[in-house]
Amino acid sequence: MACCGGGRGEEAAATESEAYLEGEAVREARELVAELCRHFYGQGWVTGTGGSITVKANDPALPLADQLIVMSPSGVQKERMVAEDMYVLSADGKVLSSPVSKPWPNKPPKCTDCAPLFMKAYLMRGAGAVIHSHGMETCIATMLDPGAKEFRMTHMEMIKGIKGHGYRDELVVPIIENTPYEYELTDSLAEAIAAYPKATAVLVRNHGIYVWGDSWINAKTQAECYHYLFDAAIKLYQLGIDWTTPEHGPINSAKRPHSVLSSSIPNGCADSKSSKHCVVLDIEGTTTPISFVTDVMFPYARDNVRKHLTSTYSSDETKEDIKLLRIQVEEDLKNGIVGSVPIPPDDADKEEVISALVANVESMIKADRKITSLKQLQGHIWRTGFESKELQGVVFDDVPEALKHWHASGMKVYIYSSGSREAQRLLFGNTAYGDLRQYLCGFFDTTTGNKRETRSYFEISQSLGVDSPAQILFITDVFQEAVAAKSAGFEVIISIRPGNAPLPENHGFRTIKSFSEI
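Residues numbered from 1 in each chain as written. Predicted model: local features only at pLDDT ≥ 70, side-chain atom pairs only at ≥ 80, totals over all residues. Heavy atoms only, no water.

> Describe helix H8 (residues 316-334), and please don't skip the residues or the numbers.
The end-to-end C-alpha separation of H8 is 27 Å, in line with the 27 Å expected for 19 residues at 1.5 Å each. Within H8, the full set of buried residues consists of Thr 318, Glu 320, Asp 321, Ile 322, Leu 324, Leu 325, Arg 326, Gln 328, Val 329 and Asp 332. Its buried side turned inward, H8 meets helix H3 (115-125), helix H7 (290-312), helix H9 (350-366) and helix H10 (372-387). Backbone geometry just downstream of H8 places Gly 336 in the positive-phi region, at approximately 70 degrees. (Helix = DSSP H or I, 4+ residues; strand = E, 2+ residues; numbered from the N terminus. Expected span 1.5 Å × (residues − 1). Buried < 20%, exposed > 50% of the residue type's maximum accessible area, 1.4 Å probe, protein only. Contact = heavy atoms within 4.5 Å.)

> Any chance you could break down the nonpolar core for me, citing the residues and the numbers?
Ranked by size, the top nonpolar core spans 53 residues in total, and within it Leu 281, Trp 382, Leu 403, Trp 406, Phe 428, Ile 475 and Phe 515 carry the most contacts. Counting residues domain by domain, this core receives three or more from each of domain 2 (278-283 + 394-517) and domain 3 (290-388). Aside from chain neighbours lying at most four places away, what touches Trp 382 is Met 297, Phe 298, Tyr 300, Ala 301, Leu 391, Ala 423 and Leu 426. Core analysis: the second largest hydrophobic core is formed by 49 residues, Val 88, Ala 129, Met 156 and Phe 230 among them. (Core = buried A, V, L, I, M, F, W, Y, C linked by side-chain atoms within 4.5 Å. Domains from an automatic or database assignment.)

> I'd like a rundown of the pattern of salt bridges, residues and numbers included.
Applying the stated criterion to the full structure yields 27 salt bridges. Linking Glu 157 and Lys 160 is a salt bridge whose minimum nitrogen-to-oxygen distance equals 2.8 Å. The class for Lys 160 is partly exposed, based on a relative accessible area of 47%. In this structure, Asp 435 engages Arg 168 in a salt bridge whose closest nitrogen and oxygen atoms are separated by 3.6 Å. Separated by 267 residues along the polypeptide, Asp 435 in the loop between helix H12 (421-429) and strand S12 (442-444) and Arg 168 in the loop between strand S6 (150-154) and strand S7 (170-176) bring together distant segments of the chain. For Asp 435, a relative accessible area of 25% gives the class partly exposed. Because the salt bridges share partners, they merge into one network encompassing Glu 150, Arg 152, Glu 170 and Arg 421. (Salt bridge = Lys/Arg side-chain N within 4 Å of Asp/Glu carboxyl O.)

> Describe the sheet that holds strand S4 (residues 95-97), with residues and values.
The strand order across the open sheet formed by nine strands is S4-S3-S2-S1-S5-S9-S8-S7-S6, and the pairing between neighbours is mixed. Across the chains shown, the open sheet's two edge strands, defined by having one partner strand only, are S4 and S6. Ignoring which end each strand starts from, the neighbouring axes of this sheet average 25 degrees apart. The sheet contacts of helix H2 (residues 24-43) involve strand S1 (52-56), strand S2 (69-71), strand S3 (87-89), S4 and strand S5 (129-133), and relative to S1 the element is tilted by about 150 degrees. (Pairing = 2+ DSSP bridges. Axes fitted to C-alpha atoms, helices over the stretch in contact; angles between N-to-C directions.)

> An account of the confidence of the model for the protein is needed here, citing residue identities and associated values.
Mean pLDDT for the protein: 88, with 92% of residues reaching 70 or above. A low-confidence stretch, residues 1-15 stays under pLDDT 50, and its non-local contacts, those more than four residues away or across chains, total zero contacts. pLDDT under 50 marks residues 253-274. Its contacts with residues more than four places away, or in other chains, come to 37 contacts. (pLDDT = per-residue confidence, 0-100.)

> Outline the domain arrangement of the protein, supporting the account with residue identities and numerical values.
One frequent convention defines the size of an interface as the accessible area lost when the parts assemble. Looking at the assigned domains, one finds that the protein contains domain 1 (21-239), domain 2 (278-283 + 394-517) and domain 3 (290-388). Computed from C-alpha coordinates alone, the two centres of domain 2 and domain 3 are separated by 27 Å. Tallying the contact residues gives 14 residues for domain 2 and eleven residues for domain 3. Of the roughly 1100 Å² buried at the junction of domain 2 and domain 3 (both faces included), carbon and sulfur atoms supply 66%. Looking only at domain 2, the three residues that lose the most surface to domain 3 are Ser 418, Glu 422 and Leu 426, adding up to 37% of its buried area. At the junction of domain 2 and domain 3, the tally comes to one salt bridge. Across the salt bridge formed by Glu 422 and Arg 383, the nearest N and O atoms sit 2.8 Å from each other. The interface formed by domain 2 and domain 3 holds four residue pairs in polar contact (both at pLDDT 80 or more) in total. When the residues that make up the side of domain 2 that touches domain 3 are grouped by side-chain class, the tally is four nonpolar, eight polar and two charged. (Buried area = accessible area lost by both parts, 1.4 Å probe. Polar contact = N/O pair within 3.5 Å; in protein donor to acceptor, adjacent residues only side chain to side chain. Nonpolar A, V, L, I, M, F, W, Y, C, P; charged D, E, K, R; others polar.)

Laid out in structure tokens, this is it:
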């Protein structure tokens, strides 16, 4: 009897699945993909059969993660596609429906080569749609600085069209290297998605871009904004204007060949008397007292984590924070990290989930862990504190004058801290000396890499457009960071400030007690 009952259940489930596959939601998704491909063809994004798009077939009765996937085929004239040309896949990527072959000269149907990459965005980011464009802007944007691992831009209105970004924020899009076959990009794309939790796109050098969003409208809107911003960067490059800094001043000559430099446009960094083009600053113990971080910032985050999670629990931003914390805690539990406790599933009682999150975050803060999931959440809690004026950024008295001097002399100044980029911007944007971000060109955090690893500084040097790492001055209070930066070729100075840890004897580095000594 039990077997018969189970059989009827399986039969009912199969009938429901078949109804979904043949239903209105999938039909509309097929037509939508065909329509969008025709539109994108007109934009120059999918010419020559290149590019692709995929969307979830919206069924309100199913969670987004379980909805069927409609995907355009490979090697097809995108402007001539119709709904019947689409593939339909299950939520885990299995092909459920394939198009019928068309007569010569059409090629036999083939699911897009982008499918494995699309699935990474669906599974890792909970996307509702993914767009792969071959737009020329996306290719050229990756060629402006051939060694860069990121595209960076700030202070452009269209940045507001990218999820989680505002006008003053720095847009950072990871760049991965192209391969002969598209499916070979899968691992590097997944690594970029994991390393850049705020990113909604990944550029492929000399190839194109993958953009994802919660829905097809969100993905399309962001794709249009990305293409606009890349086009703007290319045009600014041609005019000798730097798109990566708030003031959009004259471009550093290292970012473009001399043949396109106009003699009438002064070169900001080249005009400096110093041989250094860039300064990279640590925060804690270098620009800011350690006591401010340990006695003010950390306690504020610890004391307000429950309040923050409770009041913002249903927001997309906090959902993303919780998702990252879950991933970290699962790894911590496997590795036996002390203080880690299991987090109940999302459908569990809200207070149970929050209590588990609070316990883990408090343990992470107590251990002073330099992990992205913690730093991102702390940044969001601190943002509330700065907006309510409960917090104010603290810097040493010599810092503002040094920043102004470096800025005036054409030196570009960046921050590299274990705190999130958002936390860095909040600290320097809300000081007793006013908003100091006007003197800063960019921010690096642990998404670039561990601060005690040489590779992290190599990545920074590749992003700053210098001819040599020796043109970068790094100032820190941590001996291990100084060693790593020196190994990458940086010039290094160690900051001696009240409360800093003692240095090893005969450490071999120049030290200063004030930026005025530089």
